[in-house]
Amino acid sequence: MFLCPASDVPLNGCKRHARGRAGALALFNLDGRFLALDDRCSHGDASLSGGDIDDGVIFCPLHAGGFDIASGAPVHPPCDEPVRAYTVVERDGGLWLESDPEH
Ligand code: FES
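Residues numbered from 1 in each chain as written. Predicted model: local features only at pLDDT ≥ 70, side-chain atom pairs only at ≥ 80, totals over all residues. Heavy atoms only, no water.

K.L.:
So, the side chain of Arg19: which residues are in play, and what are the values?
P.N.:
Tracing the backbone through its elements, the reader meets Arg19 in the loop between strand E2 (13-17) and strand E3 (25-30). Given a relative accessible area of 11%, Arg19 falls into the buried group. Within polar-contact distance, the side chain of Arg19 engages the backbone oxygen of Gly23 at 2.9 Å. (Helix = DSSP H or I, 4+ residues; strand = E, 2+ residues; numbered from the N terminus. Buried < 20%, exposed > 50% of the residue type's maximum accessible area, 1.4 Å probe, protein only. Polar contact = N/O pair within 3.5 Å; in protein donor to acceptor, adjacent residues only side chain to side chain.)

Here's what the structure looks like:
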């Protein structure tokens with residue numbers, strides 16, 4: 001599934017990518033490595049793409065819970081449930097979701 005041009009995701013930043021009923025993704029560019037998580041925080045109704053990134057962790061803008069961007073694992077309270085992580089492939093200047101069996 002094509003997501004967007006790689007250049008749309010700022011270096012060491014994040015971009016929200018809407019997918020309709022499938023829910024939005026938070027796309028990350030960590031030193032040129034592209035990663036994706038479900039954009040919705042597992043702790044509440046917040047968009048992770050609006051949070052701050054520090055050392056491979058995205059901090060939720062609502063209660064500052066943290067998730068490892070590579071795995072989606074919770075690494076900072078109050079979050080204790082993971083968010084889903086996806087494999088993103090960069091090809092021909094674009095970003096693609098490698099596999100998304102649920103959608
Ligand atoms: S909603 Fe994200 S930490 Fe609470």
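K.L.:
Tell me about the sheet that holds E2, residues and numbers included.
P.N.:
Spatially, the 6 strands line up as an open sheet ordered E1-E10-E9-E4-E3-E2, and their pairing is antiparallel. In this open sheet, the two strands that pair with only one neighbour each are strand E1 (2-5) and E2. Sheet twist, expressed as the average angle between the axes of neighbouring strands with direction ignored, equals 30 degrees. (Pairing = 2+ DSSP bridges. Axes fitted to C-alpha atoms, helices over the stretch in contact; angles between N-to-C directions.)

K.L.:
How would you summarise the sheet that holds strand E7 (residues 66-68) if you had to cite specific residues and measurements?
P.N.:
A sheet is described by the order of its strands in space; here 4 strands give the open sequence E5-E6-E7-E8, paired in antiparallel fashion. This sheet does not close on itself; its edge strands, each paired only once, are strand E5 (52-54) and strand E8 (74-76). For this sheet the average axis-to-axis angle between neighbouring strands, irrespective of direction, equals 35 degrees. Where E5 meets strand E6 (residues 57-59), 3 bridges bridge the pair, whose relative direction is antiparallel. Across the sheet, Asp52 pairs through a bridge with Phe59, a residue of E6.

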